[in-house]
Amino acid sequence: MYACAYVVVLAFTCLAAASPVNPTIAHVEVIEETDSFLDNAHYLNNEQIAELFARLSRDYPALAQAYTIGRTTQGRELHALALNAPAPNGNGDDLLRPMVKLVANIQGDEALGRQIVLYMAEYLASSYQLDSQVQRLLNTTEIHFLPSCNPDGFAAAKVSQMLLLTRTMTNMA
Ligand SMILES: *[C@@H]1O[C@H](CO)[C@@H](O)[C@H](O)[C@H]1NC(C)=O
C-alpha cells in the first residue's frame with residue numbers, strides 16, 4: 001500500500017504543479033475516463049505492459065518512448081515509458097526541464113499502483129492532443145513510468161487474492 005499511495009501522491013503533485021490555476025483537474029478524469037477497472041478489475045502482466053508501451057510509442061511517436069532498464073534476477077524485463085514533448089526548436093530549454101519518475105509495484109503483491117501508473121501513462125499520451133493542461137504538463141515536464149519494479153514478485157503473487165483485496169478496498173472507498 002505504501003507504494004501505491006506514494007504513486008498517487010506523486011501523480012497528484014505532478015498534475016497539480018502543472019496546473020496552479022485550476023486545481024480541479026485530471027486526477028478524477030484519470031480514473032473515470034479510461035477506466036473499466038472498477039467494473040472489470042484486472043492487472044496487465046509483464047508482457048501486456050510491454051505491448052501497451054510499444055503501442056503507445058507507435059501511436060504517439062513524438063511523445064512516448066518505451067525502454068527497459070534491465071532484467072530482474074529471474075530474467076523478466078523491467079519495462080519503462082518516457083513521456084515528454086520537447087520544444088521543436090530545441091533551444092536548450094530541455095536542459096532545465098524537470099524530470100519525474102513514477103515507480104510502482106515495489107512489493108510484488110501490492111499491485112494497485114502498477115495499474116494506476118499504466119492508466120496514467122495511457123491517459124496522458126492519448127490526451128495530449130485534446131487537453132491543453134496535459135499539453136502544458138508534457139511540454140514542460142519529462143515523466144518516466146516504471147509500473148512494476150518487481151515483476152518477479154507480481155508473477156509469484158496470487159492475482160485472485162489481489163483482485164479480492166482491490167474490490168474490498170474500492171467498496172470501502
Ligand atoms: C505545447 O507545445 C506545442 C509545440 O511546441 C505547442 O504547439 C503547443 O501550443 C504547446 N501547448 C501548450 C498548452 O503550451
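As a further point, take the site of the ligand. The ligand sits among Pro-88, Tyr-128, Ser-132, Gln-135, Arg-136 and Asn-139. Between Gln-135 and the ligand, the recorded distance is 2.8 Å, taken from a side-chain N or O atom to a nitrogen atom. Note that an oxygen atom of the ligand is positioned 2.4 Å from one of the side-chain N or O atoms of Asn-139. If the ligand stood free it would expose 360 Å²; the protein chains cover 46% of that surface.

Take the packing of helix α4 (residues 112-127) against helix α5 (residues 132-140) next. Running from N to C, α4 and α5 point in directions that differ by 105°, and their axes come no closer than 9 Å. On the basis of their axis angle, the class for α4 and α5 is roughly perpendicular. On α5, the residues that touch Tyr-123, Leu-124 and Ser-127 of α4 are Val-134, Leu-137 and Leu-138. Tallied by class, the residues present in the contact of α4 with α5 amount to five nonpolar, one polar and no charged.

Once that is clear, we can look at the confidence of the model for the protein. On average, the protein scores 79 in pLDDT, and the residues at 70 or more come to 74%. Considering only residues more than four positions removed or in separate chains, one finds that residues 1-34, a stretch of pLDDT under 50, has 46 contacts.

Another point: the environment of Phe-53. You can see Phe-53 is positioned in helix α3 (residues 46-59). For the pair Phe-53 and Leu-118, spaced 65 residues apart in sequence, the C-alpha separation works out to 8.9 Å. Excluding residues that lie within four positions of it along the chain, Phe-53 makes contacts with Ala-66, His-79, Ala-80, Leu-81, Leu-118, Ala-121, Phe-145 and Pro-147.

This next bit is on the packing of aromatic side chains. Summed over all chains, the structure comprises one aromatic pair. Ring centres of Tyr-43 and Phe-154 lie 6.1 Å apart, and the angle between their planes is 75°; on these two criteria the pair is classed as edge-to-face. Of this pair, Tyr-43 sits in the loop between α2 (27-34) and α3 while Phe-154 sits in helix α6 (residues 151-156); the two residues are 111 residues apart in sequence, bridging distant segments of the chain. Accessibility assignment for this pair places Tyr-43 and Phe-154 in one class, buried.

Taken across its seven residues, strand β2 (residues 77-83) has six buried, putting it largely inside the fold. Taken together, the six bridges between strand β1 (residues 64-71) and β2 define a ladder with antiparallel strand orientation. Residue pairing for β2: Ala-66 is matched across the bridge by Leu-81. Hairpin connection of β1 to β2: five residues between the antiparallel strands, including Gly-75 at a positive phi of 90°.

About the cut-offs
Residues numbered from 1 in each chain as written. Predicted model: local features only at pLDDT ≥ 70, side-chain atom pairs only at ≥ 80, totals over all residues. Heavy atoms only, no water. Near = heavy atom within 4 Å. Polar contact = N/O pair within 3.5 Å; in protein donor to acceptor, adjacent residues only side chain to side chain. Areas by Shrake-Rupley, 256 points an atom, 1.4 Å probe, with all protein chains shown as cover. Axes fitted to C-alpha atoms, helices over the stretch in contact; angles between N-to-C directions. Helix = DSSP H or I, 4+ residues; strand = E, 2+ residues; numbered from the N terminus. Parallel < 35°, antiparallel > 145°, perpendicular 65-115°, else oblique. Contact = heavy atoms within 4.5 Å. Nonpolar A, V, L, I, M, F, W, Y, C, P; charged D, E, K, R; others polar. pLDDT = per-residue confidence, 0-100. Phe/Tyr/Trp six-rings, centres within 6.5 Å; stacked < 30°, edge-to-face > 60°. Buried < 20%, exposed > 50% of the residue type's maximum accessible area, 1.4 Å probe, protein only. Pairing = 2+ DSSP bridges.

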